[in-house]
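Geometric and topological summary
Below, each chain spelled out in residue letters.
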Amino acid sequence: MAKSPSSTPAKPAGTPPAKTVKDLFAWSEHPHRTLIIGAIGAIVGLGMAGFGLFTAEGTRVRSVPPEAVAVVNGRPVLISDFVAQVEAEMGVKYSEANAAQRKMVLEEMISEELFVQRGLEIDEPSVDPDVRSALVSAVQTQVAVDAITKSPTDDELRTFYEAHKASYSSMGLMTVKDLVAPRGTDPTTAMNNARAAAAALRAGQAVEAVGARYNMKDSGKVMGEELYFAAQIHLGDALFAQAVKLKPGEVSDPVLQADGPHVLVTVTNTTPQARTFEDARIAVMTDFKQALQNQMQVNEDKFLRVRADILIAKAFQ
Amino acid sequence: MLQGKSRWKTVAVGAAVAVVAVLGWLVYRHGRDAAMLRLAPDSLPENASLYAFAVSGGKGVFARNCAGCHGADMKGDRKTGVPDLTDVDWQFGEGRVAEIEQIALYGIRAADHRTKNQADMPAFGREQPYARYSIPTLTPQEMDDIATYIGVTQGREAEPEALKRGIALFDTKGQCFDCHGNDMGGDTFIGAPNLADKVWVNGDGSKKAIIDIIAQGRVGVSPMFKNTLSPAQIRAVAAYIHSKAIPPPPAA
């Protein structure tokens, strides 16, 4: 900036010449006020633009940003990822990896990036079924991420619990003995035996003794105490439906199945009990997030459809 | 009139100085950020001044992005399965800046191929305990026996027969050893916690809590921040967490 009168151009007549620095800052009278302010503005503006240019994401063209080891067609390979990759592949801490190992991993990462970019270039997603399904599930996961990472409040969880109270019960448990006539027994005899066995069991006779006397054996389908769903799988729906109705000590009527008539004796039967909110908390949280996740995926589908231009042929509408 | 003009002058000069100062500060920050980022993450703590710079920057990043789940004191919450970040006990890795930074970037079980997502805790009380591969359901008695076995490490008495069954189940049908190790020491690569210490990520270590985890499973998620935080913010928050944690004892 001009500090002495000699360096400033001629002034319009009538303006007293600036003699000292103090005079120069007699601002309102300064002849080049507009110019100087303009210059300051320009410098500041350039500075800001430059700063923005060199720090903004995606604008670095020919230099490697500080957080990257390399840039492949504009995509940075992060130092953090490189370090993690070296450690994972070489099984040593990064500081212990030698130059050759580091070089090898870097080359691999660059190659991978190149192949991924090439894959997009040749529109691999629309060709390869694996890539397609990976993309679909990636988008679904991405959409659901907010749901997964959301920390629901106690109130939200409680509301969800109240709305789905029925599904928060303790696990139903049963111990049941399942007797069946051996394969090959004449069907009528088998059914008669089964009826007699049921009567004897109801009269309080021991299971083993009754089995021996009426030629019925343990089916081997269930072993010890089982969760309801496990017992259901093991017994099959029809037998389970009978067993679940029985109180401990009760005996079913013969139930005819493809492998012959069965008689069920229930030893224990713990029906599911409602669980309190505190008790079911982990399960409520899991289900809450799952529900939210499903909802978000449905919303995403809706959103994509609204945005999309979809034409369906008349015959297929 | 003149007075108005001189006030105007002061304002203009003041504004110019402020802008220059802000710019200077930004350039300085940018330079420090760059210097901090250029280091391999684990070298950061060795550089006292850059480390201090990172730690001070990380405090606010943590408060805004992580404290919601991890707590302002970083102590986590065993009710919701959020681990304590200040102890020596790491679920993943050993608490190095590089490891924390990867979690800050890509999260745990988040949507990125670099996220930590090797295993979950199966739900042994459900019909299909595990989504990743087939594992058999455990009966309530079996879960009880295994919990008895784990309870021994917590100083609880165990009935010898139940203990014997529990050990056998841990090592065979339950496949617990596969993720948690034969000695229950855990696996910090897949994030399977140590079951033999007194540090619990989920629940309070009571028998009931342990059975609940075995029955219901557990899939904790820490979100990824790669797309929402800058590399400098990520590095800073990793340094901040590192600075708060008890350093691991020197290797024997």
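Residues numbered from 1 in each chain as written. Chains lettered and ligands numbered in written order. Predicted model: local features only at pLDDT ≥ 70, side-chain atom pairs only at ≥ 80, totals over all residues. Heavy atoms only, no water.

Right, let's get into the overall build of chain B. Along the backbone of chain B there are nine helices and zero strands. Along the chain direction, N to C, the helices and strands of chain B fall in the order α-α-α-α-α-α-α-α-α. Scaling as 2.2 N^0.38, a compact globule of 252 residues should have a C-alpha radius of gyration of about 18 Å, whereas chain B reaches 25 Å, well beyond that. Principal-axis analysis of the C-alpha atoms gives chain B an extent of 100 × 40 × 30 Å. Burial analysis of chain B (252 residues in total) assigns 46% to the buried set. (Helix = DSSP H or I, 4+ residues; strand = E, 2+ residues; numbered from the N terminus. Rg over C-alpha atoms; globule rule 2.2 N^0.38 Å. Buried < 20%, exposed > 50% of the residue type's maximum accessible area, 1.4 Å probe, protein only.)

Below, the discussion takes up the packing of helix α4 (residues 97–106) of chain B against helix α9 (residues 231–244) of chain B. Residues and elements named next belong to chain B. Relative orientation of the contacting elements α4 and α9 amounts to 130°, with a least axis distance of 8 Å. If you check the angle between α4 and α9, you find them oblique. Relative to α9, the crossing made by α4 is right-handed. Residue-level contacts link V97, I100, E101, A104 and L105 of α4 to I234, R235, V237, A238, A239, I241 and H242 of α9. (Axes fitted to C-alpha atoms, helices over the stretch in contact; angles between N-to-C directions. Parallel < 35°, antiparallel > 145°, perpendicular 65-115°, else oblique. Left-handed = near helix turned anticlockwise from the far one by under 90°. Contact = heavy atoms within 4.5 Å.)

Tallying the contact residues gives 47 residues for chain B and 46 residues for chain A. Across the chain B to chain A interface the summed buried area is about 3,900 Å²; carbon plus sulfur atoms make up 67%. Summed over the shared surface of chain B and chain A, the result is five salt bridges. Between R114(B) and D81(A) there is a salt bridge; the shortest N-O distance is 3.6 Å. Where chain B touches chain A, the interface holds nine residue pairs in polar contact (both at pLDDT 80 or more). Looking at the side of chain B that touches chain A, the elements that each hand over two or more residues are α1 (2–38), α4, α5 (140–153) and α8 (207–216) of chain B. It is α1(B) that provides the largest number of residues to the side of chain B that touches chain A, a total of 13 residues. (Buried area = accessible area lost by both parts, 1.4 Å probe. Salt bridge = Lys/Arg side-chain N within 4 Å of Asp/Glu carboxyl O. Polar contact = N/O pair within 3.5 Å; in protein donor to acceptor, adjacent residues only side chain to side chain.)

Once that is clear, we can look at the nonpolar core. Residues and elements named next belong to chain B. In terms of nonpolar packing, the biggest core is built from 31 residues, with M36, L44, F62 and I241 touching the most fellow members. Secondary-structure elements contributing two or more residues to this core are α1, α2 (48–65), α4 and α9. Formed by 25 residues, the second largest nonpolar core is a distinct cluster that contains A119, M143, F170 and A192. (Core = buried A, V, L, I, M, F, W, Y, C linked by side-chain atoms within 4.5 Å.)

Looking now at α9(B). Between its first and last C-alpha atoms α9(B) spans 20 Å; for 14 residues at 1.5 Å apiece the expected length is 20 Å, and the two agree. Buried within α9(B) we find A232(B), I234(B), R235(B), A236(B), V237(B), A238(B), A239(B), Y240(B) and I241(B). (Expected span 1.5 Å × (residues − 1).)

This paragraph deals with the packing of aromatic side chains. For the structure on display, the rule yields eight aromatic pairs over all chains. On the numbers, 5.8 Å between centres and 75° between planes, the contact of F82(A) with Y94(A) is edge-to-face. One end of the pair, F82(A), is in helix α3 (residues 79–90); the other, Y94(A), is in the loop between α3 and α4 (99–121), with 12 residues separating them in the sequence. The interplanar angle of 85° and the centroid separation of 4.9 Å between the aromatic rings of Y130(B) and Y133(B) together place this pair among those described as edge-to-face. The buried category is assigned to Y130(B), whose relative accessible area is 9%. The exposure class assigned to Y133(B) is partly exposed, which follows from its relative accessible area of 39%. (Phe/Tyr/Trp six-rings, centres within 6.5 Å; stacked < 30°, edge-to-face > 60°.)

Let us now look at α4(B). Most of α4(B) sits inside the fold, with 10 of its 10 residues counted as buried. Listed as buried for α4(B) are V97(B), A98(B), E99(B), I100(B), E101(B), Q102(B), I103(B), A104(B), L105(B) and Y106(B). Turning to α4(B), the residues buried within the fold contact β2 (75–78) and α3 of chain A together with α9 of chain B. In the stretch just after α4(B), G107(B) is the one whose phi turns positive, near 70°.

Moving on, we get to the confidence of the model for chain A. Per-residue confidence for chain A averages 85 on the pLDDT scale, and 85% of its residues sit at or above 70. Throughout residues 1–7 of chain A the model reports pLDDT below 50, and contacts reaching past four residues in sequence, or to other chains, amount to seven contacts. (pLDDT = per-residue confidence, 0-100.)

Okay, the pattern of salt bridges next. Scanning all chains against the criterion turns up 25 salt bridges over all chains. Here E278(A) and R158(A) are joined by a salt bridge, their closest N and O atoms 3.8 Å apart. Of the two residues, E278(A) is situated in helix α11 (residues 277–307) and R158(A) in helix α6 (residues 154–163); the sequence distance between them amounts to 120 residues. Salt bridges linked by common partners bring E87(A), K93(A), D42(B), E94(B), R96(B) and E99(B) together as one network.

Before going further, it helps to examine the pairing of strand β1 (residues 68–72) of chain A. Side-chain direction in a regular strand flips from residue to residue, so the side chains alternate between the two faces of the sheet. In this sheet, β2(A) lies alongside β1(A) in antiparallel orientation, the contact comprising four bridges. Following the sheet pairing, V72(A) is matched in β2(A) by R75(A). (Pairing = 2+ DSSP bridges.)

All names here are of chain A. Running from N to C, α6 and α11 cross one another at 90°; their axes reach a closest spacing of 9 Å. With respect to their mutual orientation, α6 and α11 come out roughly perpendicular. Where α6 approaches α11, its residues D154, E156, L157, R158, F160 and Y161 are matched on the opposing element by F277, E278, R281, V284, M285, D287, F288 and A291. The residue makeup of the contact of α6 with α11, split by class, is eight nonpolar, no polar and six charged. (Nonpolar A, V, L, I, M, F, W, Y, C, P; charged D, E, K, R; others polar.)

All names here are of chain A. Mapped onto the secondary structure, A212 falls in helix α8 (residues 207–213). The class for A212 is exposed, based on a relative accessible area of 65%. Separated by 63 residues in sequence, A212 and R275 have C-alpha atoms that sit 42 Å apart.

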